[in-house]
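As a plain string of letters, each chain reads:
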Amino acid sequence: NSRDQKNGYGSRSRSKEGRRDISPPKGSTLYLSNLPRRFEDADLQDLLSKFGTVTKLEVIKEPMTKECRGFAFCSFDTSAQAAVAKEELLQTQFAGRTLKVEFSKEAKATNQLQADTSATTALLLAEAEDLIEVIQEEDTHDQDLVQEAGEEITVERETDPEIETEIENVREAAETEIVIMIAVVETEIVIGTVTEMDIMIETEIAIEIEIVAAGTEIVIENVKEKERGKEKEKEIDIAETDLDLAQVEDVSEKACLCSKDLLRSLQTELDD
């Protein structure tokens, strides 16, 4: 990343003409070990920057997994800053590990790094060669099987003429079965369609019957309502007739009383 290039690492692919190699002052480079596997350059920068100006740093990682191999290098601007960092970081706990810090012996560390890298590279190359050999053997084996199967089929066809007839019979039987399956499916579709139509017709008939029944009930209710109206009219007529009769009887009674009173009056006068 950009910070790695600023600190002097991560730029090894540049040509010698475009690279200015400035060696750090003697005694200003620290070697840190017993680091956790998940340890990045940024973690190292955060850990050491408080002790001075960090000019170079690098966490050594596995080529394949890109995980920390447990050690790293860091260079300060001065040897005094490196000494302070070494003193402060001794026996420091980081991610559950006790850090080990010492002044770097650059030649030894570089040789060890090159040796480790060469050993890792050789191991990877050996594994790759073994894998290529296994793949080639499997491919050859598969080709042999295909060739053997083709030869067996050819021999059987040549030695047994009935094989072609059997193959043709199997093909015809399969085609006939497919035709039968298609016919069955089409028949099921037709039956299903007819069934759905029958259901629709039955539903429509049932709806019409319900409509007719509802209309009939309405007509019957209307007739009953009319009859009830007529009965009420009759009751009213009877009541009015009774009232008229009562009134006539009352008038007749009053007339009789008047007649009696009049007769009494006449009789009295005649007596006098």
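(A) Quick peek at helix H2 (residues 41-48). When we look at burial in H2, the residues that qualify are Asp-41, Leu-44, Gln-45, Leu-47 and Leu-48. When H2 is viewed along its axis, its buried side chains cluster within an angular range of 165° and face the same direction.

(B) Geometry of the pattern of salt bridges. Across all of its chains, the model carries 7 salt bridges by this definition. The salt bridge partner of Lys-61 is Glu-40, with a shortest N-O separation of 2.6 Å. Residue Lys-61 is found in strand E2 (residues 54-61), and its partner Glu-40 is found in the loop between strand E1 (29-33) and H2; the two are separated by 21 residues along the sequence. Residues Arg-264 and Asp-261 are paired through a salt bridge, measuring 3.0 Å at the closest nitrogen-oxygen approach.

(C) View of a nonpolar patch on the surface. Among the surface-exposed residues, Ile-201, Ile-205 and Ile-209 lie close enough to one another that they form a single nonpolar patch of about 280 Å² accessible area. With respect to the secondary-structure elements, Ile-201 resides in helix H5 (residues 162-271). Judged by its relative accessible area of 44%, Ile-201 falls in the partly exposed class.

(D) Up close: the pairing of E2. Burial runs high along E2: 6 of the 8 residues are buried. Summarising the sheet, E2 and strand E3 (residues 68-76) pair through 6 bridges and their orientation is antiparallel. Looking at E3, one finds that Glu-58 is bridged to Phe-73. Where E2 folds back onto E3 in an antiparallel hairpin, the turn is made up of 6 residues, including Lys-66, whose phi is positive at roughly 60°.

Cut-offs and rules
- Residues numbered from 1 in each chain as written.
- Predicted model: local features only at pLDDT ≥ 70, side-chain atom pairs only at ≥ 80, totals over all residues.
- Heavy atoms only, no water.
- Buried < 20%, exposed > 50% of the residue type's maximum accessible area, 1.4 Å probe, protein only.
- Helix = DSSP H or I, 4+ residues; strand = E, 2+ residues; numbered from the N terminus.
- Arc of directions from axis to C-beta.
- Salt bridge = Lys/Arg side-chain N within 4 Å of Asp/Glu carboxyl O.
- Patch = residues over 30% accessible without salt bridge, like charges linked within 9 Å, V, L, I, M, F, W, Y side chains within 5 Å.
- Areas by Shrake-Rupley, 256 points an atom, 1.4 Å probe, with all protein chains shown as cover.
- Pairing = 2+ DSSP bridges.

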